[in-house]
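Residues per chain are reported as follows:
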Amino acid sequence: MNNKPTIHDIAKALGIDSSTVSRALNDSPRVTKATKVKVLEKAAELGYRRNMLASNLRKNVSNTIGVVVPRVSRHFFSSAIQGIEETAYSAGYNVIICQSLEELEREKKIVEGLVEKRVDGLLISVSMETLNYDHLKVAKNSNIPLVFFDRHCNIPGYSNVLVDDFESGFNATQHLIEKGCRNIAHFSGPQELEIYRNRFNGYKAALIKNNITFKKEYVVSSRLMEQDGYISMKNILENKLQIDGVFSANDVAAIGAMKYLKEQQIRIPEDIAIVGFSNEPISRVIDPSLTTIDQSGLKIGKEATGLLLEYIVKKQIPEKGKTIIVDTSLIERQSSKKIK
């Protein structure tokens, strides 16, 4: 038996039409202010709750945004989610958060599921395995706007909120050069992804600007997990490569490299200086603390959500996407404070 009060119960209690109650609850201009007050008071008295799901289905909206990130555990993504939720909540939207765990097949299923749930828009930072974007057409075909953030996807008609990865990679490498490093390794993510290709190109450009020969054996690509950084550093040293600096495309791999160096009693930064990327919280507290590129996940999340909400409100997917660039900054800590 369903004891939940309905609009018919409110109408009966007030002696008015149920259609009038419905209009009053929807703040229709066809109903007087006095009637609206009476309806709202009686609804509260009876404990009436609107069925928002049914209401939204009738309006073809869900007031929900779907968010897909590689890993919630990464500080950058948890910060971005905070910015997304704050902005969405202020605009009256709920957020569904999903993680791909850097797997394309998982990402495909997540996107399909979110579209089936009729989310009003999608924010996505693609997985490391995502080199083809056909699975995202389901959103466009369903007239659901989509904004990429952090990981750049150059697809006509879609918008991106990013940092300047080329400039950030350049600045990280330039910092090491200014500290006296001349043989600088680079730990990169998959070069098929533009985000890591841009960081690599920034690294290479800094070497060229300072007349330092680029050596491809100094560049190691991986999934940038902590163990990857550890193994990359181990392989470089076992191959007798005489490096004096490392620019890692993320902090996690940089920390793995530092663990190996400490085990081998190789001094940081005196023997090898290190710069990471993303300013993970652990970067401040490890010994030595890690110099890193700070990218504001909070700001990126807010900017991406604001842009997506603009598309949702306009009820249109733009023919031409736009790109918003959020500034980064280098935070110097002990891992690169090398005395020349």
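Structure first, text after, so check above.
Just so we're clear, the structure is a prediction, and the values are computed from it rather than from any experiment. (Residues numbered from 1 in each chain as written. Predicted model: local features only at pLDDT ≥ 70, side-chain atom pairs only at ≥ 80, totals over all residues. Heavy atoms only, no water.)

## Comments concerning the pattern of salt bridges
Note on pairing: side chains with opposite charge can pair once their charged atoms come close. Counting across every chain of the model gives 13 salt bridges. In this structure, the salt-bridge partner of Glu 129 is Arg 223, at a minimum N-O distance of 3.9 Å. Highlighted residues: Glu 129 in the loop between strand 3 (121–124) and helix 7 (137–141) and Arg 223 in the loop between strand 7 (219–221) and helix 10 (226–238), separated in sequence by 94 residues. Among the residues examined, Glu 129 registers a relative accessible area of 38% and is labelled partly exposed. In this structure, Glu 332 engages Lys 179 in a salt bridge whose closest nitrogen and oxygen atoms are separated by 2.8 Å. One end of the pair, Glu 332, is in the segment after strand 12 (328–331); the other, Lys 179, is in the loop between helix 8 (165–178) and strand 6 (184–188), and 153 residues separate them in sequence. Taking the relative accessible area as the measure of exposure, Glu 332 reaches 35% and is therefore partly exposed. Here the salt bridges do not stand alone but share partners, grouping Glu 102, Asp 150 and Arg 151 into one network. (Salt bridge = Lys/Arg side-chain N within 4 Å of Asp/Glu carboxyl O. Helix = DSSP H or I, 4+ residues; strand = E, 2+ residues; numbered from the N terminus. Buried < 20%, exposed > 50% of the residue type's maximum accessible area, 1.4 Å probe, protein only.)

## Some remarks on the side chain of Gln 174
Topologically, Gln 174 is positioned in helix 8. Setting aside anything within four residues of it in sequence, one finds Gln 174 in contact with Ala 206 and Asn 210. (Contact = heavy atoms within 4.5 Å.)

## Here's the deal with the nonpolar core
In this structure, Ile 65, Leu 123, Phe 149 and Ile 243 are the most contacted members of the largest nonpolar core, which totals 65 residues. Leave out the neighbours within four places in its chain, and Ile 65 touches Ala 88, Tyr 93, Asn 94, Val 95, Ile 96, Val 119, Gly 121, Leu 123, Thr 305, Leu 308, Leu 309 and Ile 312. If you look at the next biggest cluster of nonpolar residues, it comprises 18 residues, including Val 115, Val 119, Leu 122 and Phe 148. (Core = buried A, V, L, I, M, F, W, Y, C linked by side-chain atoms within 4.5 Å.)

## As for the environment of Ala 172
Note on placement: Ala 172 falls in helix 8. Residue classification places Ala 172 among the buried positions, given a relative accessible area of 0%. Taking the C-alpha atoms as reference, Ala 172 lies 9.9 Å from Glu 332; in sequence the two are 160 residues apart. When near neighbours in sequence (up to four residues on either side) are disregarded, Ala 172 contacts Phe 247, Val 275, Ile 293 and Leu 330.

## Topic: helix 8
A rise of 1.5 Å per residue sets the reference length of helix 8, with its 14 residues, at 20 Å; its end C-alpha atoms lie 20 Å apart and thus fit the reference within 8%. Among the 14 residues of helix 8, ten are classified as buried, and the element is accordingly described as predominantly covered. Regarding helix 8, the residues found buried are Asp 165, Ser 168, Gly 169, Phe 170, Ala 172, Thr 173, Gln 174, His 175, Leu 176 and Ile 177. Of the residues that open helix 8, the one with a side-chain oxygen 3.3 Å from the backbone nitrogen of Phe 166 is Asp 164. Positive backbone phi, approximately 100°, marks Gly 180, located one or two places after helix 8. (Expected span 1.5 Å × (residues − 1). Polar contact = N/O pair within 3.5 Å; in protein donor to acceptor, adjacent residues only side chain to side chain.)

## Structural notes on unusual backbone geometry
Residue Pro 269 follows Ile 268 across a cis peptide bond; omega there is 10°. Inspection of the secondary structure puts Pro 269 in the loop between helix 11 (251–263) and strand 9 (273–277). The residue after Asp 287, namely Pro 288, is reached through a cis peptide bond having omega -5°. Within the secondary structure layout, Pro 288 lies in the loop between helix 12 (282–285) and strand 10 (291–295). Residue Leu 101 is not a glycine yet carries a positive backbone phi of 55°. The topology assignment puts Leu 101 in the loop between strand 2 (94–99) and helix 6 (104–116).

## A short note on the sheet that holds strand 4 (residues 146–149)
Spatially, 2-1-3-4-5-11 is the arrangement adopted by the six strands of the open sheet, whose pairing is parallel. Of all strands in the sheet, those bounded by a partner on one side alone are strand 2 and strand 11 (323–326). This sheet shows a mean twist of 15° between the axes of neighbouring strands, independent of strand direction. Running at roughly 160° to strand 2, helix 5 (residues 75–90) makes contact with strand 1 (64–69), strand 2, strand 3 and strand 4 of the sheet. (Pairing = 2+ DSSP bridges. Axes fitted to C-alpha atoms, helices over the stretch in contact; angles between N-to-C directions.)

## Overview of the sheet that holds strand 6
If you walk across this open sheet you meet the six strands as 7-6-8-9-10-12, and the pairing is mixed. The sheet is open, and its two edges are formed by strand 7 and strand 12, each paired on a single side. Shown here is a sheet whose adjacent strand axes are inclined to one another by a mean of 15°, direction ignored. Relative to strand 8 (residues 245–248), strand 6 is paired through four bridges, and the arrangement is parallel. What sits directly across from His 186, in strand 8, is Phe 247. Relative to the sheet, helix 9 (residues 194–209) contacts strand 6, strand 7, strand 8, strand 9 and strand 10, its axis offset from that of strand 6 by approximately 170°.

## Remarks on the packing of helix 5 against helix 13 (residues 297–314)
Here helix 5 crosses helix 13 at 40°, and the two axes come no closer than 7 Å. Taken together, the axes of helix 5 and helix 13 are oblique relative to one another. In the crossing of helix 5 with helix 13, the sense of the turn from one axis to the other is right-handed. Residues Phe 76, Ser 79, Ala 80, Gln 82, Gly 83, Ile 84, Glu 86, Thr 87 and Ala 88 of helix 5 pack against Gly 297, Leu 298, Ile 300, Gly 301, Lys 302, Thr 305, Gly 306 and Leu 309 of helix 13. Here the residues of the contact of helix 5 with helix 13 are counted per class, giving seven nonpolar, eight polar and two charged. (Parallel < 35°, antiparallel > 145°, perpendicular 65-115°, else oblique. Left-handed = near helix turned anticlockwise from the far one by under 90°. Nonpolar A, V, L, I, M, F, W, Y, C, P; charged D, E, K, R; others polar.)

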